[in-house]
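What follows is the residue order along each chain.
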Amino acid sequence: MRRITREPRPDWIQKVEKLGMLYHSNDDEPYWDESAFYAFSMPEVLEIEKATNELHKMCLAAVDYVIEKKRYDDLQIPPEAIPFIEWAWENEPPSIYGRFDFSYNGSEPPKLLEYNADTPTALLEGAVGQWHWLQELYPEYDQFNSIWEGLVEYWQEVKRIRYLKGSLLHLTSVDSIEDMMTTTVMRDTAEAAGLVTSQLLVSEIGWDSRNGCFVDLDDRRMWTIFKLYPWEWMLAEEFGEFALKSYKDTQWIEPIWKMILSNKAILAILWEMHPNHPYLLPAYLDSPRDLNEWVKKPLLAREGEDITIHRLEGEEYSHGEPYESHMYQGYVRLPEFDDKQMMIGSWVIDGVARGMGIRENKKLVITNLSPFVPHLIDAPAPQSPAVLS
């Protein structure tokens, strides 16, 4: 595994914007950062793929375990949601994607940091942006990336077996460029599979009280809704009462049982079920216990919020606004290249590993604003202007 630097394409902004990547810079610094890329060997990629597939199966078993053992209090899941979680788990409505975040240095097994199972982002960058970068600059090389194809294949399958309710797929998110980029990828892949779609904001969804259903801006009933909006946010709002009331008639993607996997308490449940597993870090719900170095993580926060890192030297690093409930996970140092730490996001589509994206940062915590860097498999010896780091 190597980090290789090179000059960005002179017209990179125009090219990524043409792909729909409107969020490509942050405070005049690139978010899409092609001044470097990571080169992986095929055995390294196969190890990431293997870890992703195995962990996803372990996570599904953990959902079953939480439901069977009624461990909902450990995840602080509202009681009113429990019957619908159990109903959705039993009836298996569509569940499309997720993203594992790994620390991986190429010599030791990947370590799971968390599972973004409900509302993962960086999809356009991973599925589209880095693939076009590869085709233009290194077309003779491959990339661990069949994310787009996986999404299209999944939509084709649900269309073939009439798995979706209604004839129109609605896709929705908040009014954020980053979230709308992800939602647009989902829409484009659904349309590539032959589905009819409509896109709107979460705030634009209406409720028809007479018929007990959600409606769009044209007063059309919303039968199947892809939402880039966390379930815990939905249930904390007035919106949530209606989502539960109509849940068995409305098809939400991702389904409500993803509340279990998107909760960081699942990391402690996994460790409880699989102590000392090579892909897991020690994790506990109540305290750091015997850990010398640990990370305190909120159960429900996203984007790196309220992370506290306690290291052996006695140093602590905190990031983000405080949340109420936390868990504790063993600290692992992220791989460092050129004074930057890197983290791998490995995508699961329909239960199968389909590709990865990389974010890096000089800070200890990787967030949604940390630059995205492309990758390839088995890079050649770089030539000017590229230099080996």
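Quick note: structure is the one above.
In this text the structure is predicted, and so the values were computed from the model without any measurement.

Chemist: So what exactly am I meant to see when it comes to the pairing of strand β11 (residues 224–228) here?
Modeler: Successive residues of a regular strand alternate their side chains across the two faces of the sheet. Across the five residues of β11, five count as buried, placing the element largely inside the fold. What you see with β11 is no split at all: Thr 224, Phe 226 and Leu 228 on one side and Ile 225 and Lys 227 on the other are buried throughout. Sheet topology note: the strand β7 (residues 169–173)/β11 ladder contains five bridges and is parallel. Paired with Thr 172 across the bridge in β11 is Lys 227. Bridge count between β11 and strand β12 (residues 251–253): three bridges; the pairing is parallel.

Chemist: Explain unusual backbone geometry here, please?
Modeler: Peptide bonds are trans in most cases, and residues, glycine excluded, mostly fall at negative phi. Backbone torsion omega between Ile 253 and Glu 254 reads 10 degrees, so that peptide bond is classified as cis. Tracing the backbone shows Glu 254 in the loop between β12 and α9 (258–261). Backbone geometry at Ala 122 places phi at a positive 70 degrees, although glycine is not the residue there. Mapped onto the secondary structure, Ala 122 falls in the loop between β6 (111–116) and α4 (123–137). Positive phi, close to 55 degrees, is recorded for Asp 350, a residue that is not glycine. Within the secondary structure, Asp 350 sits in the loop between β19 (340–349) and β20 (352–361).

Chemist: It is not clear to me how the side chain of Glu 178 should be interpreted in this structure. Could you clarify?
Modeler: Here Glu 178 shows up in helix α6 (residues 177–192). Of note is the side chain of Glu 178, whose polar atom sits 3.3 Å from the side chain of Thr 121. Glu 178 has contacts with Thr 121, Arg 359 and Asn 368, leaving out every residue within four places of it along the chain.

Rules of the game
- Residue indices follow the written sequence of each chain, beginning from 1 at its first position.
- Note on the predicted model: pLDDT of at least 70 is required for a residue's local features to be given, and 80 or more for side-chain atom pairs to be given and counted; whole-chain, interface and lining totals, by contrast, use all residues.
- Only hydrogens and water are set aside when side-chain values are computed; all heavy atoms of the structure are taken into account.
- Residue exposure (1.4 Å probe, protein chains only): buried if accessible area is under 20% of the type maximum, exposed if over 50%, otherwise partly exposed.
- Comment: elements are numbered from the N terminus, with helices defined as DSSP H or I runs of at least four residues and strands as E runs of at least two.
- In this scheme, strands are said to pair when DSSP sees at least two bridges between them.
- The definition of a polar contact used here is a pair of N or O atoms within 3.5 Å, where within protein one atom must be able to donate a hydrogen and the other to accept one, and adjacent residues in sequence count solely through side-chain atom pairs.
- Should any heavy atoms of two residues lie within 4.5 Å, those residues are considered in contact.

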